[in-house]
Amino acid sequence: MAKPAPPSSRQSSRAVQLRKGATMEMVRLTCPDARQALKIAESFGTTVIDSDGIRDLHERLVIETADALGEGLGDKAMQIHMQRIVGAFVGSAHGAGQFYSRAVTGARDATAKAANDARDEDLDGPVGYDSAAQRKREFAADMGIQAHSLRMAAEGAVAAYAQVIGETWKPFDRPVEHPGTTLSRKAAEAQISAFD
């Protein structure tokens with residue numbers, strides 16, 4: 001029986017791929033700012049959100065959490081914990097922002113289709129019911145307010161991180177396990193091993 005070949009140096013020198021975390025820049029690009037959130041609220045007659053209040057509350061919340069844990073955690077443990085907490089806020093806001101962007105696209109598409117008089121399926125609903133385009137616009141507005149609220153919570157958490165840790169928060173980029181190994185490749189390997 002042949003001995004297995006030692007691992008080649010080519011495999012070990014391969015660059016490590018990283019799974020990129022959401023950044024505040026990504027959040028700012030996908031979530032409405034305070035001006036746009038106010039415009040949405042006024043246009044759709046929804047509640048005007050206290051953006052600064054949400055931001056300040058979350059900043060205090062994260063700082064108070066760190067203070068409560070201060071005696072039980074060392075500096076590095078505190079930094080890791082705060083990294084994860086802030087990362088959760090930022091990731092949540094980014095996900096909401098992406099969902100909001102898709103809702104806006106759907107609302108625009110439905111509104112454009114409804115403007116075409118030759119299409120029967122996009123006509124207004126029966127009396128007393130909104131059209132599909134109107135429902136999509138209202139849904140996008142709701143998602144915009146939610147995304148803005150989560151953006152403000154993330155901004156507060158990021159500001160708290162800077163106060164507690166003393167440096168600017170950056171997302172943790174995790175190494176991807178087995179880069180280049182796709183699901184279909186794994187399935188093929190499992191199937192072929194059945195013949196061994």
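Keep in mind that what you see is a predicted model, and the values were worked out from it rather than measured.

About the thresholds
- Residues numbered from 1 in each chain as written.
- Predicted model: local features only at pLDDT ≥ 70, side-chain atom pairs only at ≥ 80, totals over all residues.
- Heavy atoms only, no water.
- Helix = DSSP H or I, 4+ residues; strand = E, 2+ residues; numbered from the N terminus.
- Contact = heavy atoms within 4.5 Å.
- Areas by Shrake-Rupley, 256 points an atom, 1.4 Å probe, with all protein chains shown as cover.
- Phe/Tyr/Trp six-rings, centres within 6.5 Å; stacked < 30°, edge-to-face > 60°.
- Buried < 20%, exposed > 50% of the residue type's maximum accessible area, 1.4 Å probe, protein only.
- Axes fitted to C-alpha atoms, helices over the stretch in contact; angles between N-to-C directions.
- Parallel < 35°, antiparallel > 145°, perpendicular 65-115°, else oblique.
- Left-handed = near helix turned anticlockwise from the far one by under 90°.
- Nonpolar A, V, L, I, M, F, W, Y, C, P; charged D, E, K, R; others polar.
- Salt bridge = Lys/Arg side-chain N within 4 Å of Asp/Glu carboxyl O.
- pLDDT = per-residue confidence, 0-100.
- Core = buried A, V, L, I, M, F, W, Y, C linked by side-chain atoms within 4.5 Å.
- Arc of directions from axis to C-beta.

**Remarks on the overall build of the chain**
Then, in step 1: Within the chain, the secondary structure is distributed over 7 helices and 2 strands.
Then, in step 2: The long-range fraction of contacts in the chain, counting pairs at least 24 apart against all pairs at least 6 apart in sequence, stands at 84%.
Then, in step 3: Roughly 13,500 Å² of accessible area belongs to the chain as shown, and the carbon and sulfur atoms make up 54% of that amount.

**A short note on the packing of aromatic side chains**
Then, in step 1: Tallied over the entire structure, the rule returns 1 aromatic pair.
Then, in step 2: Seen from their ring centres, F99 and F139 are 5.8 Å apart, and the 80° between their planes marks the pair as edge-to-face. Here the residue F99 occupies a position in helix α5 (residues 75-114), and F139 occupies one in helix α6 (residues 132-165), the gap between them amounting to 40 residues.
Then, in step 3: F139 gets classed as partly exposed once you look at its relative accessible area, which sits at 38%.

**A closer look at the packing of α5 against α6**
Then, in step 1: Two numbers describe how α5 lies on α6: the axes approach to 8 Å, and their chain directions differ by 160°. Taken together, the axis directions place α5 and α6 in an arrangement best described as roughly antiparallel. Note that α5 runs across α6; the crossing there is left-handed.
Then, in step 2: Partitioned by chemical class, the residues of the contact of α5 with α6 number 27 nonpolar, 7 polar and 3 charged.

**What about the environment of D52?**
Then, in step 1: Within the secondary structure layout, D52 lies in helix α4 (residues 51-69).
Then, in step 2: By relative accessible area, D52 is classed as exposed at 55%.
Then, in step 3: Residues D52 and A153, spaced 101 residues apart in sequence, show a C-alpha to C-alpha distance of 9.4 Å.

**Considering the pattern of salt bridges**
Then, in step 1: In the structure shown here, the tally under the stated rule is 3 salt bridges.
Then, in step 2: Note that E155 is salt-bridged to R151, the shortest N-O span being 3.0 Å. One end of the pair is E155 and the other is R151, both in helix α6 and 4 residues apart, which spans about a single turn. Assigned by exposure class, E155 and R151 land together as buried.
Then, in step 3: Among the charged side chains, a network of salt bridges with common partners joins R28, R151 and E155.

**Regarding the confidence of the model for the chain**
Then, in step 1: Per-residue pLDDT for the chain has a mean of 81; in total, 76% of the residues score no lower than 70.
Then, in step 2: The spread of mean pLDDT over the elements of the chain runs between helix α1 (residues 9-12), the lowest at 46, and α4, the highest at 94.
Then, in step 3: For residues 8-13, every residue scores under 50 in pLDDT, and the model assigns this stretch 0 contacts once sequence neighbours within four places are set aside.

**Section: the environment of R108**
Then, in step 1: Following the sequence through the fold, R108 ends up in helix α5.
Then, in step 2: In this structure, the C-alpha to C-alpha distance between R108 and A133, residues 25 residues apart in sequence, is 8.2 Å.

**Topic: the side chain of R151**
Then, in step 1: According to the relative accessible area criterion, R151 is buried, its value standing at 10%.
Then, in step 2: Filtering out sequence-adjacent residues up to four positions away, R151 remains in contact with V27, R28, C31, P32, D33 and A93.

**Side note on the nonpolar core**
Then, in step 1: Within the largest apolar cluster, 31 residues are counted, with the highest numbers of intra-cluster contacts made by V86 and V90.
Then, in step 2: For this core, the secondary structure elements donating two or more residues are α2 (24-30), α3 (34-44), α4, α5 and α6.
Then, in step 3: For V86, the contacting residues outside a window of four places in its chain are A157, V158, Y161 and W169.

**Side note on α3**
Helical periodicity: at 3.6 residues per turn, an α-helix aligns residues three or four positions apart in one direction.
Then, in step 1: Three or more residues of α3 are buried, namely A37, I40 and A41. Down the axis of α3, the buried set is contained in an arc of 95°. They therefore lie on one face. Residues of α3 that are exposed and angled more than 90 degrees away from the buried face: R35, K39, E42 and S43.
Then, in step 2: On its buried face, α3 sits against α5 and α6.
Then, in step 3: Positioned one or two residues after α3, G45 has a phi angle of 65°, which is positive.

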